Amino acid sequence: MFTKELENLKPVVDEVFKTLVIGENSLLSRIPVLAPVRNIEAGWIDDVMAKLEVPVSGVTSATISLGGDYADQIIVGAELRNVKNANIYKVASKASNVLTIEKVNTEDDPVSGTFVVDNIPLGVEGSTSGRKVNHQGAKKTQYTRIFRADAELSNSVLETDTYDKASYMQTQINAALVEIKNALASAVWFGKKSKTDADNTRSFDGLYEAAKNAGVVPVSGNGGAITYALLTKVAEKMKGGHATHLFVNPAAAGDLSQLIYEKQHLVVADQTLGAYAAIMKNPITGENIEIVTDSNVPTGDIWLVDITGLEIHPLGGRDLSVTDATAANVDSSAVKVIKEVTLFTKNAGQKLAYISGLKY
């Protein structure tokens, strides 16, 4: 009978959890929940069709040294341009990460910085073939994580009524749902991918780990307040991505709202006193960015996120299960609430950017 009651309760529990998530202004409430995965280690392909930019850490009049392992991505005959100027250089040869270059015309000597790479060499009239492109994305994986909370009441308590309805199983299940929601909301920020066979635990990377693994370097707040210059700088860090959301701790939200009000001339069509900025214009592209206050964000950090790169996937039918956990010969009734999901962070290097080290 109890199991049958839980089956009838399942749709209600689903709606309660969804209401809890939607009712919280957070990153978790913005990430879409998509199709189930069928393996505890699920994957996707990171594949960005964007211009190749490489760091150069050392130069002479005839050579440049790449600041990373990029040589395999640059062909002999490619043209390079420093983003600081209009000078063009042609790759004559390469040895490891050192490129021998030729000035295309009357260019100045190269200077260190970021170089844009054009891997399509000058076309030859009457040619029989062009450059053969072998493009392949990078496979990324995440583990699923189990979020479990149990509710148990003695059968005596179940037959009583208390003023706060704590003797109701639904009340205890609701409390379990809140704990699972809070744990998941934290994991999408701070989770670290792991799999421990000794105790059969698994976890997935949250945004901080995904950004670090993708080489995202935070913009330094230098222990000061948020400024429009910092917002502009972090928008530049998106590397071609389109920021859809800005996430900020409530402690810094007031200053951010005032800053946008001053810099972007917010119009308040309201009869109440005061102003609140829910949208900001991207300082680089002019696109709208939704501002979301999330208490999980560290007080000194502000994040720009392209939400199209984030997805939550349940494992099979374990998006949210509520089943009987009553032990035999025990004068009580128990329920286990389990949610097993993973987080996909697609193309994190292009879709995540953040400021760290503000004063708050």
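Reading the values: rules and limits
Residues numbered from 1 in each chain as written. Predicted model: local features only at pLDDT ≥ 70, side-chain atom pairs only at ≥ 80, totals over all residues. Heavy atoms only, no water. Helix = DSSP H or I, 4+ residues; strand = E, 2+ residues; numbered from the N terminus. Buried < 20%, exposed > 50% of the residue type's maximum accessible area, 1.4 Å probe, protein only. Contact = heavy atoms within 4.5 Å. Salt bridge = Lys/Arg side-chain N within 4 Å of Asp/Glu carboxyl O. Core = buried A, V, L, I, M, F, W, Y, C linked by side-chain atoms within 4.5 Å. Polar contact = N/O pair within 3.5 Å; in protein donor to acceptor, adjacent residues only side chain to side chain. Phe/Tyr/Trp six-rings, centres within 6.5 Å; stacked < 30°, edge-to-face > 60°. Lys NZ or Arg CZ within 6 Å of the ring centre and 35° of its normal. Pairing = 2+ DSSP bridges. Axes fitted to C-alpha atoms, helices over the stretch in contact; angles between N-to-C directions.

### Details of the overall build of the chain
Now for step 1: Helix and strand content of the chain: seven helices and 20 strands.
Now for step 2: Counting every position in the chain, which comprises 360 residues, the buried fraction comes to 39%.
Now for step 3: For the chain, the share of sequence-separated contacts (at least 6 apart) that also reach a separation of at least 24 residues comes to 72%.

### Looking at the pattern of salt bridges
Now for step 1: Evaluation of the coordinates by the stated rule reveals 12 salt bridges.
Now for step 2: Residue Glu290 is joined to Arg30 by a salt bridge in which the shortest nitrogen-to-oxygen separation is 2.7 Å. Of the two residues, Glu290 is situated in strand β15 (residues 288-293) and Arg30 in the loop between α1 (2-22) and β1 (41-46); the sequence distance between them amounts to 260 residues.
Now for step 3: Relative accessible area serves as the criterion here: at 21%, Arg30 is assigned to the partly exposed category.
Now for step 4: Its salt-bridge partner being Glu340, residue Arg318 comes within 2.5 Å of it at the nearest N-O pair. With Arg318 in the loop between β17 (310-314) and β18 (321-324) and Glu340 in strand β19 (residues 332-345), this residue pair connects regions lying 22 residues apart in the sequence.
Now for step 5: Taking relative accessible area as the criterion, Arg318 reaches 29% and is therefore assigned partly exposed.
Now for step 6: One continuous salt-bridge network, built from bridges that share partners, spans Lys192, Glu209 and Lys212.

### Topic: the nonpolar core
Now for step 1: Ranked by size, the top nonpolar core spans 43 residues in total, and within it Leu27, Ile173, Trp189, Leu207 and Trp303 carry the most contacts.
Now for step 2: Within the residue set of this core, elements represented by two or more residues are α1, β9 (145-154), α3 (169-190), α4 (207-213), β16 (302-305), β17, β19 and β20 (352-356).
Now for step 3: With 10 residues, α3 is the single largest residue contributor to this core.
Now for step 4: With sequence-adjacent residues up to four places away left out, Trp189 is seen in contact with Leu27, Gly206, Leu207, Tyr208, Phe247, Asp294, Asn296, Val297 and Trp303.
Now for step 5: Leu231, Ala235, Ile302 and Leu304 belong to the second-largest nonpolar core, a separate cluster that totals 23 residues.

### Topic: the side chain of Ser203
Now for step 1: Counting through the fold element by element, Ser203 comes out in strand β11 (residues 201-203).
Now for step 2: According to the relative accessible area criterion, Ser203 is buried, its value standing at 9%.
Now for step 3: A distance of 3.5 Å separates the side chain of Ser203 from the backbone oxygen of Lys192, its partner in a polar contact.
Now for step 4: Apart from residues lying up to four places away in sequence, Ser203 is in contact with Tyr143, Thr144, Arg145, Lys192, Lys193 and Ser194.

### Looking at the packing of aromatic side chains
Now for step 1: Counted under the stated rule, the structure contains 10 aromatic pairs.
Now for step 2: A centroid spacing of 5.9 Å and a plane angle of 80° characterise the contact between Trp189 and Phe247, whose relative ring orientation is edge-to-face. With Trp189 in helix α3 and Phe247 in strand β13 (residues 245-248), this residue pair connects regions lying 58 residues apart in the sequence. Like Trp189, the residue Phe247 is buried in the burial classification.
Now for step 3: Aromatic side chains Trp189 and Trp303 sit 5.6 Å apart centroid to centroid with 65° between the ring planes, which places their arrangement in the edge-to-face category. Taken together, the positions of Trp189 in helix α3 and Trp303 in strand β16 put the pair 114 residues apart, joining distant regions of the chain.
Now for step 4: Cluster of aromatic residues (ring-pair linked, three or more members): Trp189, Phe190, Tyr208, Phe247, Trp303 and Tyr354.
Now for step 5: The residue whose ring lies beneath Lys193 is Tyr143, and the NZ or CZ to ring-centre distance is 5.2 Å.

### Considering the pairing of β1
Now for step 1: Burial along β1 is one-sided: the face carrying Ala42, Trp44 and Asp46 is buried and the face carrying Glu41, Gly43 and Ile45 is not.
Now for step 2: Bridge count between β1 and strand β8 (residues 138-143): six bridges; the pairing is antiparallel. Among the inter-strand pairings, Ile45 is bridged to a residue of β8, identified as Lys139.

### Side note on the sheet that holds strand β5 (residues 88-95)
Now for step 1: One closed barrel accounts for six strands, arranged β2-β3-β6-β5-β4-β7; its pairing is antiparallel. Each strand of the sheet is rotated relative to its neighbour by a mean of 45°, with strand direction disregarded.
Now for step 2: Sheet topology note: the strand β2 (residues 52-59)/strand β7 (residues 113-118) ladder contains five bridges and is antiparallel. Residue pairing in the sheet places Val54 in a bridge with Phe115 of β7.

### Describing unusual backbone geometry
Now for step 1: Of note in the backbone geometry, Asn329 takes a positive phi value of approximately 65° without being a glycine.
Now for step 2: Within the secondary structure, Asn329 sits in the loop between β18 and β19.
Now for step 3: Here Asn329 falls in the exposed class, since its relative accessible area comes to 85%.
Now for step 4: Even without being a glycine, Asn347 presents a positive backbone phi close to 50°.
Now for step 5: Counting through the fold element by element, Asn347 comes out in the loop between β19 and α7 (348-351).

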